[in-house]
Amino acid sequence: MQNVFKMRNFLVKQKIAIDLGTANTLVWVLGQGIVANEPTVVATSVDDNKVVAVGIEAKKMLGRTPESLIANRPMRDGVIADYQVTEAMLRYFISAACNAGGVTGKVMSHILRPDVMVCVPAGCTQVERRAALDATLSAGAAHAYLIDEPLAAAIGAEVPVSAPSGHMIIDSGGGSTEAAVISLGGVVVHKSVRVAGTKLDEAIIAFMKKKHNLIIGDTTAEDIKIKIGSAIKLPKEEKLEISGRDLVFGLPRTVTVTSTQVTEAIRSTLQLMVGAVKAVLEDTPPELAADIIDKGIIMSGGTSLLRNLDRFLTEETGVPAHVADEPLLCVVRGTGLVLENIELWKRSVTTKG
Ligand code: ADP
Ligand code: MG
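Residues numbered from 1 in each chain as written. Chains lettered and ligands numbered in written order. Predicted model: local features only at pLDDT ≥ 70, side-chain atom pairs only at ≥ 80, totals over all residues. Heavy atoms only, no water.

Moving on to the site of ligand 1. Taken together, 17 residues surround ligand 1, and among them Ala23, Asn24, Gly174, Glu222 and Lys225 come closest. Take Asn24: an N or O atom from its main chain is 2.7 Å from an oxygen atom of ligand 1. Glu222 places a side-chain nitrogen or oxygen 2.5 Å from an oxygen atom of ligand 1. Taking 580 Å² as the accessible area of ligand 1 by itself, protein coverage stands at 87%. The element contributing the most residues to the shell around ligand 1 is helix α8 (residues 218–228), with three residues. Of the residues assigned to the shell around ligand 1, the class counts are five nonpolar, ten polar and two charged. (Near = heavy atom within 4 Å. Polar contact = N/O pair within 3.5 Å; in protein donor to acceptor, adjacent residues only side chain to side chain. Areas by Shrake-Rupley, 256 points an atom, 1.4 Å probe, with all protein chains shown as cover. Helix = DSSP H or I, 4+ residues; strand = E, 2+ residues; numbered from the N terminus. Nonpolar A, V, L, I, M, F, W, Y, C, P; charged D, E, K, R; others polar.)

Here's what the structure looks like:
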């Protein structure tokens, strides 16, 4: 009897959910949970265009590659910017997910290719959707499914999306911020702006240049944002020593940055993100708007971790905002949950076999 069970397990097709983000890619496998969480960076060789490294290994190479290698981010603003590199990266993650299932997974993926669901921004075009489906299929999926990111984020944040009641979710990652109202299992209104974590980093870089005559890199800017950044001025100012290159003399120099300066530097970028939220609230049908005022806004994505962003949103919109539990994991968890119950969801997702 036990052998029959083993055999049945062996013959179950693998199901893989992928959150293909601008900053990070997360992979979930049915029965195992999240098996990969790595930066969306790929290093390729210049000569033969072969993938040399993916994820953490490739990120270490960013800005440090010799002439024979290029390390780049194949996703921009939530959509595929470099098709071939994205496909190579998906192939790497799909085979890593199959291998995570041990020998059984490896053998199974040869006999029956896995079903893969990938999320896309709600505002992406048909051409961009097609590209995501094609890249997933040619990366080794038997069936590829797409799901709108805000819907996946809401499901991952345990919002009861199928109820006949409005819920608002804001997913803010590296490249884009998506605000959406969801009701009865679908996206009713949405707005996406190509402004999120990376733009906040750029605002800090510009500020350091203007105020301190100091050139800093992307990683340093992100560090400043995470360590002392806040959407609202902190009552007790925090400070950080930062090293960069002097704009005039070209030599290394260290300066002290304060949390108040960072709040000031990122204000106008945050206003652009709030603009998307306000636009969605304005377009929301009144019945759903009443539900949202009642329940508040749920925030997901890495940028929702910016200190006091929830309070800032609450002040700007008048609707209480809350950050979901583990906001970086909501999208992949939601995508996984939908894939697990794909038969129930088939009506609302795009599919191709
Ligand atoms: P994507 O879905 O676009 O890949 P993620 O949801 O993974 O993006 O979020 C990545 C972004 O979140 C990056 O811009 C990163 O700097 C930002 N981020 C991560 N942690 C924090 C934090 N504690 N404070 C502010 N920003 C953060
Ligand atoms: Mg994301």
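Quick look at a nonpolar patch on the surface now. A cluster of nonpolar side chains, Leu247, Val248, Phe249 and Leu251, forms an exposed patch at the surface whose accessible area comes to about 450 Å². With respect to the element layout, Phe249 can be found in the loop between β15 (239–246) and β16 (252–258). Residue Phe249 is classed as exposed on the basis of its relative accessible area, which comes to 67%. (Patch = residues over 30% accessible without salt bridge, like charges linked within 9 Å, V, L, I, M, F, W, Y side chains within 5 Å. Salt bridge = Lys/Arg side-chain N within 4 Å of Asp/Glu carboxyl O. Buried < 20%, exposed > 50% of the residue type's maximum accessible area, 1.4 Å probe, protein only.)

This brings us to unusual backbone geometry. Despite not being glycine, Asn49 has its phi angle at roughly 60°, a positive value. Within the secondary structure, Asn49 is located in the loop between β4 (42–45) and β5 (51–54). Located in the positive-phi region is Asp77, a residue other than glycine, with phi close to 50°. Mapped onto the elements, Asp77 comes out in the loop between β7 (75–76) and β8 (79–80). For Asp77, a relative accessible area of 21% translates into the label partly exposed.

Before going further, it helps to spend a moment on the environment of Asp171. Relative to the assigned elements, Asp171 resides in strand β11 (residues 167–172). Using a relative accessible area of 7% as the deciding quantity, one classes Asp171 as buried. Each C-alpha atom of the pair Asp171 and Ala206 lies 25 Å from the other, and the pair is 35 residues apart in sequence. When near neighbours in sequence (up to four residues on either side) are disregarded, Asp171 contacts Glu149, Ala153, Ser176, Thr177, Glu178, Ser300, Gly301 and Val331. Among the polar contacts listed, one links the side chain of Asp171 to the side chain of Ser300, at a separation of 2.7 Å. Reaching out from Asp171, the side chain makes a polar contact with the backbone nitrogen of Gly301 at a distance of 3.4 Å. (Contact = heavy atoms within 4.5 Å.)

Our next topic: the pairing of strand β6 (residues 69–72). Here β6 shows a buried face lined by Leu69 and Ala71 and an unburied face lined by Ile70 and Asn72. Bridging between β4 and β6 involves four bridges; their strand directions are antiparallel. Counterpart to Ala43 in the pairing with β6 is Ala71. (Pairing = 2+ DSSP bridges.)

Judged by pairing direction, the sheet is antiparallel, and its three strands sit side by side in the order β5-β4-β6 without closing on themselves. Here the strands that pair on one side only, and so sit at the sheet edges, are β5 and β6. If you compare each strand with its neighbour and ignore which way they point, the axes differ by 20° on average. Relative to β5, β4 is paired through three bridges, and the arrangement is antiparallel. What sits directly across from Val42, in β5, is Val54. Packing of helix α3 (residues 83–100) onto the sheet brings it into contact with β4, β5 and β6, and relative to β5 it is tilted by some 60°. (Axes fitted to C-alpha atoms, helices over the stretch in contact; angles between N-to-C directions.)

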